[in-house]
Amino acid sequence: AVVSTQSTGAHLTMQQYASAFHFVSAAINLRPKFAPLFMLLGIALTHLEDPTNAKQAYDQAISIEPDNPITYLNYAIMLFNHGEKSNAAAQYGKFEMYQNKKKGSADPDVSSLVAKLGPILHLGS
């Protein structure tokens with residue numbers, strides 16, 4: 001699954017969303033209980049303008065691994081970008097809760113994103 005998540009991540013980074021979708025879909029068939037794959041599927045589907053299925057992918061990731069803060073953060077971003085500000089704020093609140101429970105330092109990219117997104121979502125809720 002590591003190779004599949006890295007390949008999918010590379011396709012997402014290079015904005016090759018259809019390729020990322022195909023890679024992650026194949027990986028899910030091999031590892032259907034690996035939550036990060038469903039999160040990556042949600043990201044790919046979001047970029048492919050399929051928010052309905054993206055939500056299902058995020059929900060599946062959360063049902064498998066409910067304490068992964070990054071899934072909630074990505075879900076919040078997707079919802080916010082699709083005008084669902086109250087739902088985005090709820091997912092962001094879950095992100096904060098699980099992130100605060102996590103030990104260790106946060107990824108600098110995540111910290112930068114949170115610094116920008118947090119105040120927007122808190123004002124909108």
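Residues numbered from 1 in each chain as written. Predicted model: local features only at pLDDT ≥ 70, side-chain atom pairs only at ≥ 80, totals over all residues. Heavy atoms only, no water.

### Considering the overall build of the protein chain
Okay, step 1: Looking only at helices and strands, one finds 7 helices and 0 strands in the protein chain.
Okay, step 2: Ordering the α and β elements of the protein chain from the N terminus gives α-α-α-α-α-α-α.
Okay, step 3: Every one of the 125 residues in the protein chain was classed for burial, and the buried ones make up 38%.
Okay, step 4: Considering only contacts within the protein chain whose residues lie at least 6 apart along the sequence, 48% involve residues at least 24 apart.
Okay, step 5: Total accessible area on the protein chain stands at roughly 7000 Å², and carbon and sulfur atoms take up 56% of it. (Helix = DSSP H or I, 4+ residues; strand = E, 2+ residues; numbered from the N terminus. Buried < 20%, exposed > 50% of the residue type's maximum accessible area, 1.4 Å probe, protein only. Contact = heavy atoms within 4.5 Å. Areas by Shrake-Rupley, 256 points an atom, 1.4 Å probe, with all protein chains shown as cover.)

### Here we look at the packing of helix H3 (residues 35–47) against helix H5 (residues 69–81)
Okay, step 1: Where H3 meets H5, the axes come as close as 10 Å, and the angle between the chain directions of the two elements is 15°. By the criterion of interaxial angle, the relationship of H3 to H5 is roughly parallel. The way H3 lies across H5 gives a crossing that is left-handed. Two secondary-structure elements touch here, H3 through Met 39, Ile 43 and Thr 46 and H5 through Ile 70, Thr 71, Asn 74 and Met 78.
Okay, step 2: Considered class by class, the residues forming the contact of H3 with H5 number 4 nonpolar, 3 polar and no charged. (Axes fitted to C-alpha atoms, helices over the stretch in contact; angles between N-to-C directions. Parallel < 35°, antiparallel > 145°, perpendicular 65-115°, else oblique. Left-handed = near helix turned anticlockwise from the far one by under 90°. Nonpolar A, V, L, I, M, F, W, Y, C, P; charged D, E, K, R; others polar.)

### Focus on the pattern of salt bridges
Okay, step 1: In this structure the tally under the stated criterion is 1 salt bridge.
Okay, step 2: Of the charged contacts in the structure, one is a salt bridge between Glu 84 and Lys 55, with a shortest N-O distance of 2.6 Å. With Glu 84 in the loop between H5 and helix H6 (85–101) and Lys 55 in helix H4 (residues 51–64), this pair connects stretches of sequence that are 29 residues apart. (Salt bridge = Lys/Arg side-chain N within 4 Å of Asp/Glu carboxyl O.)

### Some points on the nonpolar core
Okay, step 1: Core analysis: the biggest nonpolar cluster contains 28 residues, and Leu 41 and Tyr 58 have the highest contact counts within it.
Okay, step 2: At the level of elements, helix H2 (17–30), H3, H4, H5, H6 and helix H7 (108–124) are the ones that each hand at least two residues to this core.
Okay, step 3: In this view, Leu 41 contacts Phe 21, Val 24, Ser 25, Ile 28 and Ala 57; residues no more than four positions away in its chain are not counted. (Core = buried A, V, L, I, M, F, W, Y, C linked by side-chain atoms within 4.5 Å.)

### Some thoughts on the packing of H4 against H5
Okay, step 1: At a minimum axis separation of 10 Å, H4 and H5 run at an interaxial angle of 160°. By the angle between their axes, H4 is roughly antiparallel relative to H5. Crossing handedness for the pair H4 and H5: left-handed. Between H4, through Pro 51, Ala 54, Lys 55, Tyr 58, Asp 59, Ala 61 and Ile 62, and H5, the contact on the second element is made entirely by Thr 71, Tyr 72, Asn 74, Tyr 75, Met 78 and Leu 79.
Okay, step 2: Of the residues in the contact of H4 with H5, the class split is 9 nonpolar, 2 polar and 2 charged.

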